[in-house]
Amino acid sequence: MFVLLMASQNRPTDWLLLGAVLLVAAALMLTQNQPLVRTVRAQAMSWTAQVEGTFAWMGRYLRVLERNNELRRENIQLSSQVARTRAVRQRNEELRRLLNLTDTSDAALRPARIVTKDIFQKDNVLVLNVGAADGVEKGMPVVHERGIVGTVVMTNEHYARVMPFLNTDFRVPGTVLPLRAEGIVRWDGEHLDRLQLDHVVETEPVEVGQQVVTSGHSGIFPPGRRIGTVDSVTAPAGRSELAIFLRPAVSLYEISHAVVILQEPTSEQRTLESPPAR
């Protein structure tokens, strides 16, 4: 055959004949050699199984990713529902306590919703959804069932602007219980979770944890409304007054409703408090 190839290497028909002979020889070898055929078939099936296993693993991985995405979306939805439910429960609880406050108070009260909170600067303000049409006037106190909130400083027909205790212009007389030691509560404009109680003499045995309430001497807030709790007490050298800091009874960040006490100083009280004419 080698001689035949060498002799006819330039003839195409010889090449075709040679290919046909090789195909026939390969077919005869495969049909007659069963062990070889089984080996080839087994190897092919092994390769096929590996390829199918690879694609099956990729399919499972993609399905797991899709399921994880579905679970993540469901978790976000459930978390949102839980947060809304918790917020509604807190608002309902707050309203229930405010209604109890209304029921137990002798003064006329006007519940209100806080529609605006601006408590990120020194001149902080709140806006309530009640106004002159609801009997709210300038100078009226605003409270919560936990304690005082602020004072109405401006009204229109349906809204009221409130100066909260977190305002550098806010002042309210306070009394330390059970000592009856009195001072003036104010905000230093720095810490949103701290108030100062000034003008308490150093001989008063004020202690951490004691309650501070309104004294009633301001003519705005009735006596006994909670202001805060004594958080720290020091006696600065060279001063006759204690440095007292309070933790506010009301967290302005948390509340969404408040109550306006519909009372204002009487004409006789205004006359006595106004400066004499010159």
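The residue numbers shown here count from 1 along each chain, following its written sequence. Local features in a predicted model are, by the rule used here, given only for residues with pLDDT of at least 70; side-chain atom pairs are given and counted only at 80 or more, and totals for whole chains, interfaces and linings are based on all residues. Hydrogens and water molecules were not included; the side-chain quantities draw on all heavy atoms of the structure.

Colleague: Let's hear about the sheet that holds strand E5 (residues 160-164): which residues, and what values?
Modeller: Ordered by their spatial adjacency, six strands build a closed barrel running E1-E2-E5-E4-E3-E12, and the pairing between neighbours is antiparallel. Direction aside, the axes of adjacent strands within the sheet are offset by 45° on average. Direction of pairing for strand E1 (residues 109-118) relative to strand E12 (residues 257-261): antiparallel, over a ladder of five bridges. Within E12, the residue paired with Arg113 across the bridge is His257. A strand pair is defined by DSSP finding two or more bridges across the two strands. Runs of H or I in DSSP of at least four residues are treated as helices and runs of E of at least two as strands, each being numbered from the N terminus. Note on method: axes are straight lines fitted to C-alpha atoms, helices fitted across the in-contact stretch only, with angles between N-to-C directions ranging 0 to 180 degrees.

Colleague: Go over the pairing of strand E7 (residues 181-186) with me, naming the residues and quoting the values.
Modeller: By the bridge criterion, five bridges tie strand E6 (residues 172-177) to E7 in an arrangement that is antiparallel. By the bridge assignment, Pro173 is partnered in E7 with Ile184. The turn linking E6 back onto E7 is made up of three residues, and Arg180 within it adopts a positive phi angle of 70°. Summarising the sheet, E7 and strand E8 (residues 195-198) pair through three bridges and their orientation is antiparallel. Note on E8: the bridge partner recorded for Val185 is Leu197.

Colleague: How would you summarise a nonpolar patch on the surface if you had to cite specific residues and measurements?
Modeller: Taken together, the side chains of Tyr61, Leu62 and Leu65 present a nonpolar region at the surface, about 300 Å² in accessible area. Counting through the fold element by element, Leu62 comes out in helix H3 (residues 34-104). A relative accessible area of 54% means that Leu62 is categorised as exposed. Patches draw on residues past 30% relative accessible area with no salt bridge. Two like charges within 9 Å are joined, as are two nonpolar side chains (Val, Leu, Ile, Met, Phe, Trp, Tyr) within 5 Å. Only the protein chains shown count as cover for residues, with accessible areas throughout obtained via the Shrake-Rupley method and a probe of 1.4 Å. By convention in these notes, a salt bridge is any Lys or Arg side-chain nitrogen within 4 Å of a carboxyl oxygen on Asp or Glu. Only protein chains enter the accessibility calculation, which uses a 1.4 Å probe; a residue whose area is less than 20% of its type maximum is buried, one above 50% is exposed, and one in between is partly exposed.

Colleague: Can you tell me about the packing of aromatic side chains, naming the residues and giving the values?
Modeller: Here a Phe, Tyr or Trp ring, Trp counted by its six-membered ring, pairs with any other such ring whose centre lies within 6.5 Å, and the pair is stacked when the planes are under 30 degrees apart, edge-to-face when over 60, and tilted otherwise. This structure, assessed with the given rule, holds two aromatic pairs. Pairing Phe170 with Phe221 gives two aromatic rings, centres 6.2 Å apart and planes at 70°, and the pair type is edge-to-face. Of this pair, Phe170 sits in the loop between E5 and E6 while Phe221 sits in the loop between strand E9 (211-214) and strand E10 (226-234), and the two are 51 residues apart along the sequence. The exposure class of Phe170 is buried, given its relative accessible area of 2%. Two conditions define a charge sitting above a ring: the NZ of Lys or the CZ of Arg must be within 6 Å of the ring centre, and it must be within 35 degrees of the ring normal. Positioned above the aromatic ring of Phe245, the side-chain terminus of Arg194 is 4.0 Å from the ring centre.

Colleague: I'd like a rundown of the pattern of salt bridges, residues and numbers included.
Modeller: This model, assessed by the stated rule, comprises seven salt bridges. Ionic pairing is found between Lys122 and Glu190, a salt bridge with its closest N-O pair at 3.6 Å. Of this pair, Lys122 sits in the loop between E1 and strand E2 (125-128) while Glu190 sits in the loop between E7 and E8, placing them 68 residues apart in sequence. Classification of Lys122 as partly exposed rests on a relative accessible area of 42%. The salt bridge involving Asp198 is made with Arg186; its shortest N-O contact spans 2.4 Å. Here Asp198 is found in strand E8, whereas its partner Arg186 is found in strand E7, with 12 residues between them in sequence. Connected through salt bridges with shared partners, the residues Glu145, Arg146 and Glu254 form a single ionic network.

Colleague: Let's hear about the confidence of the model for the protein: which residues, and what values?
Modeller: Residue-level pLDDT values for the protein average 80, and 70% of them are 70 or greater. Confidence drops under a pLDDT of 50 for residues 268-275, and excluding neighbours within four residues, the segment shows four contacts in the predicted structure. One confidence number per residue, pLDDT, is output by the predictor and ranges from 0 to 100. Should any heavy atoms of two residues lie within 4.5 Å, those residues are counted as being in contact.

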